[in-house]
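Take a look at the letters that make up each chain.
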Amino acid sequence: MDALFIGHAYIDVTMRAERMPSGDQKALARDYAVSFGGNAVTAGFACAKLGHPVDLLTTLAPDWLGHMFMDMAHTYGIDVHPRRVARSSLSFVWPNDGKRAILRARDDTYLQGVPRLDISETRLLHLDGHMADAALHYAKGARARGALVSLDGGALRPCIEELTGYVDVAVVAEKLCEQMSMSELDMLGWLKSKGCRIGGVTTGEKGMLWYDEDGEISQMASLAVPHELIVDTSGAGDVFHGAYCASYLERPDAPWREHFEFARAASAHKIQHLGNEAGLPSPDDVAAALAAFAPADALSPV
């Protein structure tokens, strides 16, 4: 296998509506999407859509949602290595004015141990910190074999501090900074101290504060997608991770700034579409976003 993604799988139901009903009310949604979900899972689908073979170690249940998930994976040529659970996990997502509310039901009671896979030819491992025992096991193995280990640090999850010690590229969310009582700069310093060669903190529409191969810290602004084009920001960070993984697999010797600029454009495409699947970019979609939108810090003030 060339690229292995490890994380928890969901089926996402995304509803676009003016308001959420409460009490005994009813409301009519304007649109909806049903898709795969989960941080590393969505990143894996994005990497596959961008043309790279992907293996996925994730949760799977013997129910209708599990069958649906396997159909989705088959469509994208993804090889799924299941870790069995009793019930599939489900998310209801409500995009609202550039933000999103999420209600989840999750089964993370595993019915088996960590599946043993051959990663002797794996070039890239991407983790989101879920399924901590599997993440740590394969991070150690990938590091020993010289594969690139990437981490989506979306939140403080079990063993993430130990896990980060085996990570080459760590891009974390503001939420992790808050949970660890660190500023963005403090977080970058902490990632450096753990041995991460590349580190970043994503800040939504403000972009990403990050350090490069030489340890130089800089701000990478997001692309300025007009507000009226933004439909659904959920999954944009996951697509970002999957896209820089794809860029690395395509050009492993390219500077990380170029990988992140490619991923930034992939995210700009995603937020214009409802649901994760509709927002997965092709290489042409990434090129179109690069051509259409300038970095926010390059625009002249009004």
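Notes on the structure follow. (Residues numbered from 1 in each chain as written. Predicted model: local features only at pLDDT ≥ 70, side-chain atom pairs only at ≥ 80, totals over all residues. Heavy atoms only, no water.)

What follows is about the sheet that holds strand S7 (residues 99–105). Strands sit in the order S3-S2-S6-S7 across an open sheet of four strands; the sheet is mixed. Taken across any chain shown, the strands that pair with only one partner, and hence form the sheet edges, are strand S3 (31–37) and S7. The average undirected angle you get between the axes of adjacent strands in this sheet is 20°. Bridging between strand S2 (residues 10–16) and S3 involves seven bridges; their strand directions are antiparallel. Residue Val13 lies in a different strand from S3, and its bridge partner there is Val34. (Pairing = 2+ DSSP bridges. Helix = DSSP H or I, 4+ residues; strand = E, 2+ residues; numbered from the N terminus. Axes fitted to C-alpha atoms, helices over the stretch in contact; angles between N-to-C directions.)

Considering all chains together, one arrives at one cavity of 30 Å³ or more under this definition. Considering only enclosed or pocket space, the largest cavity measures out at about 80 Å³ in volume. Around the largest cavity, the lining is made up of 15 residues, and of these Ala9, Tyr10, Thr59, Ser88 and Ser89 lie nearest the centre. Broken down by secondary-structure element, the contributors of at least two residues to the lining of the largest cavity are S2, strand S4 (55–60) and helix H2 (64–75). It is H2 that provides the largest number of residues to the lining of the largest cavity, a total of three residues. (1 Å grid on protein atoms, 1.4 Å probe; cavity = no way out; pocket = protein on both sides within 12 Å on 5 of 7 lines; lining within 4 Å. Points joined across faces, edges and corners; volume = space filled by probe spheres on them.)

With that settled, the discussion passes to the pattern of salt bridges. Using the criterion set out here, one finds eleven salt bridges in the structure. Across the salt bridge formed by Arg123 and Asp2, the nearest N and O atoms sit 2.7 Å from each other. Remark: Asp2 occurs in the segment before strand S1 (3–7) and Arg123 occurs in the loop between S7 and strand S8 (124–127); sequence separation between them is 121 residues. Judged by its relative accessible area of 33%, Arg123 falls in the partly exposed class. Connected through shared salt-bridge partners, Arg143, Asp168 and Arg197 make up one network. (Salt bridge = Lys/Arg side-chain N within 4 Å of Asp/Glu carboxyl O. Buried < 20%, exposed > 50% of the residue type's maximum accessible area, 1.4 Å probe, protein only.)

Looking now at the sheet that holds S1. Taken in spatial order, the nine strands line up as S5-S4-S1-S8-S9-S10-S11-S12-S13 in an open sheet, and their pairing is mixed. Only two strands of the sheet have a single neighbouring strand rather than two, namely strand S5 (79–84) and strand S13 (217–220). Taken pair by pair, the neighbouring strands of this sheet meet at an average axis angle of 20°, ignoring direction. In the sheet, strand S12 (residues 208–211) pairs with S13 via four bridges, with the strands oriented antiparallel.

This brings us to the nonpolar core. In terms of nonpolar packing, the biggest core is built from 51 residues, with Phe5, Phe45, Phe69, Ile78, Tyr244, Trp256 and Phe260 touching the most fellow members. In contact with Phe45, not counting residues within four places along its chain, are Phe36, Leu56, Phe69, Met72, Ala73, Tyr76, Ile78 and Leu280. Ranked by size, the runner-up nonpolar core spans 34 residues in total, among them Leu117, Leu125, Leu188 and Tyr211. (Core = buried A, V, L, I, M, F, W, Y, C linked by side-chain atoms within 4.5 Å. Contact = heavy atoms within 4.5 Å.)

The subject of this paragraph is helix H1 (residues 39–49). Each α-helix winds once per 3.6 residues, and so residues spaced three or four apart point in a common direction. The buried count for H1 comes to ten of eleven residues, which makes it a mostly enclosed element. Every buried residue of H1 is accounted for by Asn39, Ala40, Val41, Thr42, Ala43, Gly44, Phe45, Ala46, Cys47 and Ala48. One or two residues past the end of H1 sits Gly51, with phi positive at roughly 105°.

Here the phi dihedral of Met131 falls at roughly 55°; this positive angle occurs in a residue that is not glycine. Checked against the element boundaries, Met131 lands in the loop between S8 and helix H3 (132–145). Here Cys159, not a glycine, exhibits a phi torsion of approximately 70°, which is positive. In this structure, Cys159 sits in the loop between strand S9 (148–153) and helix H4 (160–164). Relative accessible area serves as the criterion here: at 27%, Cys159 is assigned to the partly exposed category.

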